[in-house]
Amino acid sequence: MIRVYPKHTRISHDHGWLQSNFSFSFGEDFDENNSKFGPMRVCNDDVIAPRRGFGAHPHADMEIVSVVLSGKLRHEDSMGNVAVTGFGEVQRMSAGTGVVHTEANPSDDEPVNLLQLWFEPEETGLTPSYETSAFDPEALIGDLVPIVTPDGGPNAASINQHLAIFLSRLPAGETVEFLQGMDRRVFLFVIEGSLYVANGGDPTETATLRARDTARITETPDLKFTAAGGEEAFFLLIDLP
C-alpha cells in the first residue's frame, strides 16, 4: 500500500531563524496517530539561518541521522566530537545512555538545509557514539546509493537498527527498481522534482510525489521509481523493519 503525504499536510513552524517542517508529530504537536512509522520517529526538513542553531540539549536511546542538503552544519557533543559537514556527508549519533550536543550553522551568510531523521534503536542502553561519513554525489545519478546501513562501510554511516537509508538522483524519464521483503516498510521523501511510484506486483497501484512530498509504503516488496514531469528527481528512501 502506498500512502502519500503531500507537503501541505506537514506540521510547519517558522521561528525566524529556523524554518521546520515535521513529517511526524512530537512535542507540543503530539498526535499518537502520527508519531512513528516502524522504528522511525522523526523526519524534519529544517532550514537554519546563518550563525544560528540549537543550543546544548540532551538525547537518550535514539539513533539520529543528519543529511545536509545545502550549506554547512556544525555538531559538537559531550563526547568531545566536533564536526562540520555539507552535502555529500552524513552525521550519525547514537544517543544511547545519554549525550548532550549542539547543532548550528557556522556560516556568516548561507543558510543550511538538512533532513534530520530519528529512529528507535534495536537495543537500548548502548554506549553513546558519533560518526561522520561521506558519499560521492555523482554516484547517485541513476542509482539508489546506501548512505546509512546497519554495518556501515567506506561510504556509509553505521546505525544501531535494521534499516538502510538511500539517496537517488534520477534523470528525467529514468527508472530505478527497489526490492525488499514483504514484511518491510519504505519511507520516501522527494527532495527535488517529481517522482512516479509504481507497485511492481500490481501495476494499478501508482502515485506521483512532488518536491517535499513524502510516502509511507507497506506490503509492497517490488517498487519502481521514475523521474516524472520531464525533470530530474532527487529523493531519499528508507528501508525499515
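Calculation notes
Residues numbered from 1 in each chain as written. Predicted model: local features only at pLDDT ≥ 70, side-chain atom pairs only at ≥ 80, totals over all residues. Heavy atoms only, no water. 1 Å grid on protein atoms, 1.4 Å probe; cavity = no way out; pocket = protein on both sides within 12 Å on 5 of 7 lines; lining within 4 Å. Points joined across faces, edges and corners; volume = space filled by probe spheres on them. Helix = DSSP H or I, 4+ residues; strand = E, 2+ residues; numbered from the N terminus. Nonpolar A, V, L, I, M, F, W, Y, C, P; charged D, E, K, R; others polar. Buried < 20%, exposed > 50% of the residue type's maximum accessible area, 1.4 Å probe, protein only. Lys, Arg positive; Asp, Glu negative; His and termini not counted. Salt bridge = Lys/Arg side-chain N within 4 Å of Asp/Glu carboxyl O. Polar contact = N/O pair within 3.5 Å; in protein donor to acceptor, adjacent residues only side chain to side chain. Contact = heavy atoms within 4.5 Å. Pairing = 2+ DSSP bridges. Axes fitted to C-alpha atoms, helices over the stretch in contact; angles between N-to-C directions. Core = buried A, V, L, I, M, F, W, Y, C linked by side-chain atoms within 4.5 Å.

Novice: Lay out empty space enclosed by the protein in plain terms, naming residues and giving numbers.
Specialist: Going through the model one piece at a time under the given rule, you end up with one cavity of 30 Å³ or more. The computed volume of the largest cavity comes to approximately 50 Å³. Taken together, Ile64, Ser66, His75, Gln91, Arg92, Met93, His101 and Glu103 form the lining of the largest cavity. Those elements that place two or more of their residues in the lining of the largest cavity are strand E6 (63-70), strand E9 (89-94) and strand E10 (99-104). Ranked by the residues each element gives to the lining of the largest cavity, the list is headed by E9, at three residues. When its residues are assigned to classes, the lining of the largest cavity shows two nonpolar, four polar and two charged.

Novice: Requested: an account of the side chain of Asp213, with residues and values cited.
Specialist: Take Asp213: it is sitting in the loop between strand E19 (202-210) and strand E20 (214-218). It turns out Asp213 is buried and unbridged, and the closest side chain with the opposite charge, Arg210, is 5.3 Å from it. Side-chain polar atoms of Asp213 contact the backbone nitrogen of Lys7, separated by 2.8 Å. A distance of 2.8 Å separates the side chain of Asp213 from the backbone nitrogen of Arg210, its partner in a polar contact. Apart from residues no more than four positions distant in its own chain, Asp213 is found in contact with Tyr5, Pro6, Lys7, Leu188, Phe189 and Val190.

Novice: Residues and numbers for the sheet that holds strand E5 (residues 53-59), please.
Specialist: The antiparallel open sheet is built from four strands, whose spatial order is E5-E10-E7-E8. This sheet does not close on itself; its edge strands, each paired only once, are E5 and strand E8 (82-85). With strand direction ignored, the average angle separating the axes of adjacent strands in the sheet is 15°. Relative to E10, strand E7 (residues 73-77) runs antiparallel, the two sharing four bridges. The partner of Arg74 across the bridge, within E10, is Ala104.

Novice: Explain the nonpolar core to me, and be specific about the residues and the numbers.
Specialist: In this structure, Phe119 and Ile165 are the most contacted members of the largest nonpolar core, which totals 28 residues. Residue assignment for this core shows that the elements contributing at least two residues are strand E4 (40-48), E6, strand E11 (112-119), strand E13 (145-149), strand E15 (164-170), strand E17 (185-192) and strand E22 (233-240). Sort the elements by how many residues they give to this core and E22 lands first, with four residues. One finds Leu144, Ala164, Val186 and Val190 within the second-largest nonpolar core, a separate group that totals 22 residues.

Novice: Outline the pairing of E20, listing residues and values.
Specialist: Of all five residues in E20, four are buried, a share of seventy percent or more. In the sheet, strand E1 (residues 2-5) pairs with E20 via four bridges, with the strands oriented antiparallel. Within the sheet, the bridge partner assigned to Ile2 lies in E20 and is Ile217. Judged from the five bridges that link them, E17 and E20 form a sheet pairing that is antiparallel. Its bridge partner lying in E20, Phe187 is registered against Arg216.

All we've got here are geometric facts, nothing functional implied.
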